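Coordinates in review
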Amino acid sequence: MSAQAPPQFAIDPKRLLAMRGGHTGALGLEYRDHGADWAELALPYRDDLVGDPATGVLASGPILSMMDVATAIAIWLRRGAFLPQATLDLRIDYLRGSRPGQAVIGRGECYRITRSIGFVRGQAHDGDPADPIAHVAGTFMFTDPPQ
Amino acid sequence: MTLPPYADWLGLTVEREGAGPPVLAMPFSARVLGRPGFLHGGALGGLLEMAAVLALRDALGDEAARVKPINVTIDFMRGGREKTTCAQGRVTRLGTRVANVEATAWQDDRDIAIAVAHMNYRLVRD
């Protein structure tokens, strides 16, 4: 099948997360919900992902990973196909530390696509969406041949 | 130097070289795999953040100060491959309340960066 063949399957983020090995699987990222251009994942709290043993606050790395995955899935949903892409840049503002013991919920949205770039944004919280712990903005580069 | 649980989980080890900030090494494993054949951007970001905070700790020396990340911006320049990745931070400004830190990640050649992070930290000095 050529890289330019039209998509054969609808994007199913729930199935995608369930199948996922590698970093996504090792972090234990879970599917929560999705729409036409967004996906919401969860990172369950784990002692081995702590960044500061004195406080029990999760390291920022796993949250960054979850937001990278959630925003990547948002692009696949918006493009309606599982096409190759790579993160070009990602910026995270850490608004406050997450609460020890709490799962972190991350919602990624693709708000714009061009021929070669996907623009994404997102937020993470630990229970109350109105009290976020992180805000994310980023871009992805499409690595499939231009249509 | 003791690393936090997350750094151990990533498999990071410290390779101090000379008097500069510590160099961190992250071995390749299924745990840091992204799309097939490539390092996950999140794992690479996690490594860069750890290198940045260690550089800051190194610059602070014996001074007791709490370090809180304000933000991070990461440029991914090349796909990381299935091999060991190294990273080193560099404090560009150590102020009273804020520190600016950059961190670079590379694989075979340290002059060929695969990703660069820029971080701002809030310092709470005792």
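Residues numbered from 1 in each chain as written. Chains lettered and ligands numbered in written order. Predicted model: local features only at pLDDT ≥ 70, side-chain atom pairs only at ≥ 80, totals over all residues. Heavy atoms only, no water.

1. Let's talk about the overall build of chain B
Helices and strands together make up the secondary structure of chain B, namely 2 helices and 6 strands. Ordered by position from the N terminus, the helices and strands of chain B form the series α-β-β-α-β-β-β-β. With respect to the principal axes defined by its C-alpha atoms, chain B has extents near 45 × 25 × 25 Å. Per-residue burial over chain B gives 48% buried out of 126 residues. Restricting the contact set of chain B to residue pairs at least 6 apart, pairs at least 24 apart contribute 64%. Accessible surface, chain B: about 5,800 Å² in total, of which carbon and sulfur atoms supply 48%. Put simply, chain B has 15 plus and 14 minus side-chain charges, and the middle of one group is 6 Å from the middle of the other. (Helix = DSSP H or I, 4+ residues; strand = E, 2+ residues; numbered from the N terminus. Buried < 20%, exposed > 50% of the residue type's maximum accessible area, 1.4 Å probe, protein only. Contact = heavy atoms within 4.5 Å. Areas by Shrake-Rupley, 256 points an atom, 1.4 Å probe, with all protein chains shown as cover. Lys, Arg positive; Asp, Glu negative; His and termini not counted. Charge placed at Lys NZ, Arg CZ, Asp CG, Glu CD.)

2. Digging into the overall build of chain A
Within chain A one finds 3 helices and 8 strands. Counted from the first residue to the last, chain A has its helices and strands arranged as α-α-β-β-β-β-α-β-β-β-β. The C-alpha radius of gyration of chain A comes to 16 Å, within 12% of the 15 Å expected for a compact globule of 147 residues. Each of the three principal axes of chain A carries a C-alpha extent, and together these read 50 × 25 × 20 Å. With 147 residues in all, chain A has 47% of them scored as buried. Residue pairs in contact within chain A that sit at least 24 positions apart in sequence constitute 61% of those at least 6 positions apart. Accessible area for chain A stands at about 6,900 Å²; split by element, carbon and sulfur atoms hold 53% of it. Taken as two groups, the 14 positive and 16 negative side-chain charges of chain A have centres that lie 7 Å from each other. (Rg over C-alpha atoms; globule rule 2.2 N^0.38 Å.)

3. A word on the environment of B:Tyr121
Residues and elements named next belong to chain B. Considering the arrangement of structural elements, one finds Tyr121 in strand β6 (residues 113-125). Expressed as a C-alpha distance, the spacing of Tyr121 and Arg97, which sit 24 residues apart in the sequence, is 8.4 Å. The contacts of Tyr121, once residues within four sequence positions are left out, are Glu49, Ala52, Val53, Leu56, Val67, Lys68, Pro69, Ile70, Arg97, Val98, Ala99 and Val101.

4. Observations regarding the interface of chain B and chain A
Of the residues lining the interface, 26 residues belong to chain B; the matching set on chain A comes to 30 residues. Note on chain B versus chain A: buried area summed over both sides is about 2,100 Å², and carbon and sulfur give 58% of it. Counting the surface chain B buries against chain A, the share from its top three residues, B:Tyr6, B:Trp9 and B:Phe76, is 26%. Seen at the junction of chain B and chain A, the total is 0 salt bridges. Taken together, chain B and chain A are joined by 12 residue pairs in polar contact (both at pLDDT 80 or more). Mapped by element, the contributors of at least two residues to the side of chain B that touches chain A are α1 (5-10), α2 (41-60) and β3 (65-76) of chain B. Among the elements that make up the side of chain B that touches chain A, the one with the highest residue count is β3(B) (8 residues). Residue composition of the side of chain B that touches chain A, grouped by class: 15 nonpolar, 7 polar and 4 charged. (Buried area = accessible area lost by both parts, 1.4 Å probe. Salt bridge = Lys/Arg side-chain N within 4 Å of Asp/Glu carboxyl O. Polar contact = N/O pair within 3.5 Å; in protein donor to acceptor, adjacent residues only side chain to side chain. Nonpolar A, V, L, I, M, F, W, Y, C, P; charged D, E, K, R; others polar.)

5. Brief notes about the sheet that holds strand β6 (residues 104-113) of chain A
The pairing of strands in a sheet comes from backbone hydrogen bonds and takes either a parallel or an antiparallel form. Read from one edge to the other, the open sheet built from 12 strands follows the order β1(A)-β2(A)-β6(A)-β7(A)-β8(A)-β5(A)-β3(B)-β6(B)-β5(B)-β4(B)-β2(B)-β1(B), with strand pairing classed as antiparallel. Each edge of the open sheet is held by one strand with a lone partner, namely β1 (30-34) of chain A together with β1 (13-15) of chain B. Strand-to-strand, the axes of this sheet are offset by a mean angle of 25°, without reference to chain direction. Of the strand pairs in this sheet, strand β2 (residues 38-43) of chain A and β6(A) are connected by 6 bridges, and their pairing is antiparallel. (Pairing = 2+ DSSP bridges. Axes fitted to C-alpha atoms, helices over the stretch in contact; angles between N-to-C directions.)

6. Some thoughts on the packing of helix α3 (residues 60-79) of chain A against α2(B)
Two elements in contact, α3(A) and α2(B), have axes separated by 8 Å at closest approach and are oriented at 155°. On the basis of their axis angle, the class for α3(A) and α2(B) is roughly antiparallel. Crossing angle aside, the handedness with which α3(A) passes α2(B) is right-handed. When α3(A) is examined against α2(B), the residues A:Ser60, A:Gly61, A:Leu64, A:Ser65 and A:Asp68 are found in contact with a partner set consisting of B:Gly41, B:Gly42, B:Ala43, B:Gly45, B:Gly46 and B:Glu49. (Parallel < 35°, antiparallel > 145°, perpendicular 65-115°, else oblique. Left-handed = near helix turned anticlockwise from the far one by under 90°.)

7. Quick look at the side chain of A:Ser60
Mapped onto the fold, A:Ser60 is located in helix α3. A:Ser60 has contacts with A:Tyr94 and B:Glu49, leaving out every residue within four places of it along the chain.

8. Examining the UniProt feature "domain: Thioesterase" (unreviewed entry) in chain A
Within this structure's numbering, the places UniProt gives as "domain: Thioesterase" (unreviewed entry) are residues 56-130 of chain A. A helix fraction of 27% and a strand fraction of 41% characterise residues 56-130 of chain A, whose end C-alpha atoms lie 23 Å from each other. (UniProt positions renumbered as here; feature names shortened; annotations may be inferred.)

9. Some details on the UniProt feature "domain: Thioesterase" (unreviewed entry) in chain B
The feature "domain: Thioesterase" (unreviewed entry), as annotated in UniProt, sits at residues 37-111 of chain B in this numbering. As annotated, residues 37-111 of chain B comprises 27% helix and 41% strand, and the C-alpha atoms at either end are separated by 22 Å.

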